[in-house]
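# Structural overview
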Amino acid sequence: QVQLVETGGGLVQPGGSLRLSCAVSGINFRSHTMGWYRQAPGKQREWVARISMGGGTNYADSVNGRFTISRDNAKNTVYLHMNSLKPEDTAVYYCKTMWPPNDNWGQGTQVTVSS
């Protein structure tokens, strides 16, 4: 069973920064590609970022240049550093095992960007 626990969300002003964390258990973390997704009110869940086993990264156009995904294999943890936050970044953020794929989701963490 893959277990994912997202933390670090909160209220931040536009232009601010936030770091999300995802503690992963139940898998060989170092052998998995991990990612972040988000779901805003009234919108479909969307992919945000990806980090491979070797550390290569990819980002959605909406966050490219502002967000940074990273991982600490010693801690079995994935991070999402969010800078220059915009109101449209407001959403519940989820981490996800992307490869090998797994259907399990964590509880997510709420990020609200508002003045």
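The model shown is predicted, which means the values in this text are computed figures rather than measured ones.

### What about the pattern of salt bridges?
Two side chains that carry opposite charge are able to pair once their charged atoms sit near each other. Per the counting criterion, the structure on display carries 3 salt bridges. The salt bridge partner of Glu-46 is Arg-38, with a shortest N-O separation of 2.7 Å. Between Asp-89 and Arg-38 there is a salt bridge; the shortest N-O distance is 2.9 Å. Here the residue Asp-89 occupies a position in the loop between strand 8 (77–82) and strand 9 (91–99), and Arg-38 occupies one in strand 4 (residues 33–39), the gap between them amounting to 51 residues. You'll find Asp-89 and Arg-38 in the same group, each marked buried.

### Notes on the pairing of strand 4
Where burial is concerned, most of strand 4 is hidden: 6 out of the 7 residues are buried. Sheet topology places strand 4 next to strand 5 (residues 46–51); 5 bridges connect them, and they run antiparallel. The residue bridging Arg-38 from the neighbouring strand is Glu-46, located in strand 5. Hairpin connection, strand 4 to strand 5: the antiparallel pair is bridged by 6 residues, and Gly-42 has positive phi, about 75°.

### Describing the sheet that holds strand 5
Pairing is mixed in the open sheet, where 6 strands are placed in the order 2-10-9-4-5-6. Edge positions in the open sheet fall to strand 2 (10–12) and strand 6 (57–59), since each of these has one partner strand only. Within this sheet the neighbouring strands show an average axis-to-axis angle of 25°, counted without direction. Sheet analysis places strand 4 next to strand 9, joined by 7 bridges and oriented antiparallel. Looking at strand 9, one finds that Gly-35 is bridged to Lys-96.

### A short note on the sheet that holds strand 8
Overall, antiparallel pairing links the 4 strands, which are arranged 1-3-8-7 in an open sheet. At either end of the open sheet lies a strand with only one pairing partner, and these are strand 1 (3–7) and strand 7 (67–72). The sheet shows a mean angle of 15° between the axes of neighbouring strands, direction not considered.

The rules behind each value
- Residues numbered from 1 in each chain as written.
- Predicted model: local features only at pLDDT ≥ 70, side-chain atom pairs only at ≥ 80, totals over all residues.
- Heavy atoms only, no water.
- Salt bridge = Lys/Arg side-chain N within 4 Å of Asp/Glu carboxyl O.
- Helix = DSSP H or I, 4+ residues; strand = E, 2+ residues; numbered from the N terminus.
- Buried < 20%, exposed > 50% of the residue type's maximum accessible area, 1.4 Å probe, protein only.
- Pairing = 2+ DSSP bridges.
- Axes fitted to C-alpha atoms, helices over the stretch in contact; angles between N-to-C directions.

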